[in-house]
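Residue-level structure breakdown
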Amino acid sequence: MIDIYTERGMSKEDATSVIRIMSKYKEFFVDVMMAEELALQIPEENHVTESMKEGVVMFFSFATFGSLPLLGYVIIPAMFPELGSDILFASSCVVTALVLFLLGSVKSFFSASGWFVSGLEMLFLGGCCATLAYTIGQFVEGLIADEVQL
């Protein structure tokens, strides 16, 4: 802590004096240390309750938005039973793209970016992740198929 204060322009003696005085007040000193030295936010009094609320919202958001692309495999076959697996996969990709764009647009309400840019950003990042996951799945499937043939 002394180094931080000397880097900000205090003399070493003044910084040592300040630290010595602050260390008499344990809770205050820990809060200052967290903020200044460790660059951590000081938790609110009700941080456990808020963390639980945020966790529940995150879970239901993930469950809701994560299940929407699967509807391409549930609703579309029920409506059009004659469609093949390639069409179902393509429809799932389209639904996924729409959901990602919608999710990004909704995110714009909580950020400084516009709805269209935020939607495109989420579509791009989510699309990259989905493509990577699909590619890894294809690779692993190839490895498993090779092992089975041996």
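A brief structural summary.

Conventions used here
- Residues numbered from 1 in each chain as written.
- Predicted model: local features only at pLDDT ≥ 70, side-chain atom pairs only at ≥ 80, totals over all residues.
- Heavy atoms only, no water.
- Helix = DSSP H or I, 4+ residues; strand = E, 2+ residues; numbered from the N terminus.
- Rg over C-alpha atoms; globule rule 2.2 N^0.38 Å.
- Core = buried A, V, L, I, M, F, W, Y, C linked by side-chain atoms within 4.5 Å.
- Buried < 20%, exposed > 50% of the residue type's maximum accessible area, 1.4 Å probe, protein only.
- Contact = heavy atoms within 4.5 Å.
- Salt bridge = Lys/Arg side-chain N within 4 Å of Asp/Glu carboxyl O.
- Phe/Tyr/Trp six-rings, centres within 6.5 Å; stacked < 30°, edge-to-face > 60°.

Counting its regular elements, the protein chain contains seven helices and zero strands. Traced from its N-terminal end to its C-terminal end, the protein chain shows the element sequence α-α-α-α-α-α-α. Over its C-alpha trace the protein chain gives a radius of gyration of 26 Å, far above what one expects of a compact globule, namely 15 Å for 150 residues. Based on the C-alpha atoms only, the size of the protein chain along its principal axes is roughly 80 × 45 × 30 Å.

A general feature of soluble globular proteins is that nonpolar side chains tend to end up buried together. Core analysis: the biggest nonpolar cluster contains seven residues, these being Met1, Tyr5, Ala15, Ile19, Met22, Phe29 and Val32. Among the elements of the structure, α2 (12–22) and α3 (26–36) are those that each provide at least two residues to this core. The leading source of residues in this core is α2, at three residues. Aside from chain neighbours lying at most four places away, what touches Ile19 is Met1, Ile2, Tyr5 and Phe29.

The next thing to look at is the pattern of salt bridges. Two side chains bearing opposite charge may form a pair once their charged atoms approach each other closely. This model, assessed by the stated rule, comprises three salt bridges. In this structure, Arg8 and Glu36 form a salt bridge, with 2.9 Å as the shortest nitrogen-oxygen distance. With Arg8 in the loop between α1 (2–7) and α2 and Glu36 in helix α3, this pair connects stretches of sequence that are 28 residues apart. With a relative accessible area of 60%, Arg8 lands in the exposed category. A salt bridge links Glu50 to Lys53; its shortest N-O distance comes to 3.7 Å.

The topology assignment puts Ser91 in helix α6 (residues 85–107). When its relative accessible area of 15% is taken as the criterion, Ser91 is described as buried. If near-sequence neighbours (up to four positions away) are discounted, Ser91 is found in contact with Gly72 and Ile76.

The tally for this structure, following the rule as stated, stands at five aromatic pairs. Between Phe89 and Tyr134 the ring centres are 5.3 Å apart and the planes differ by 35°, which places this aromatic pair in the tilted class. Here the residue Phe89 occupies a position in helix α6, and Tyr134 occupies one in helix α7 (residues 115–149), the gap between them amounting to 45 residues. Ring centres 5.6 Å apart and planes at 80° place the aromatic pair Trp115 and Phe116 in the edge-to-face group. Take Trp115: its relative accessible area is 54%, and that puts it in the exposed class. Grouping aromatic residues by their ring pairs yields a cluster made of Phe101, Trp115 and Phe116.

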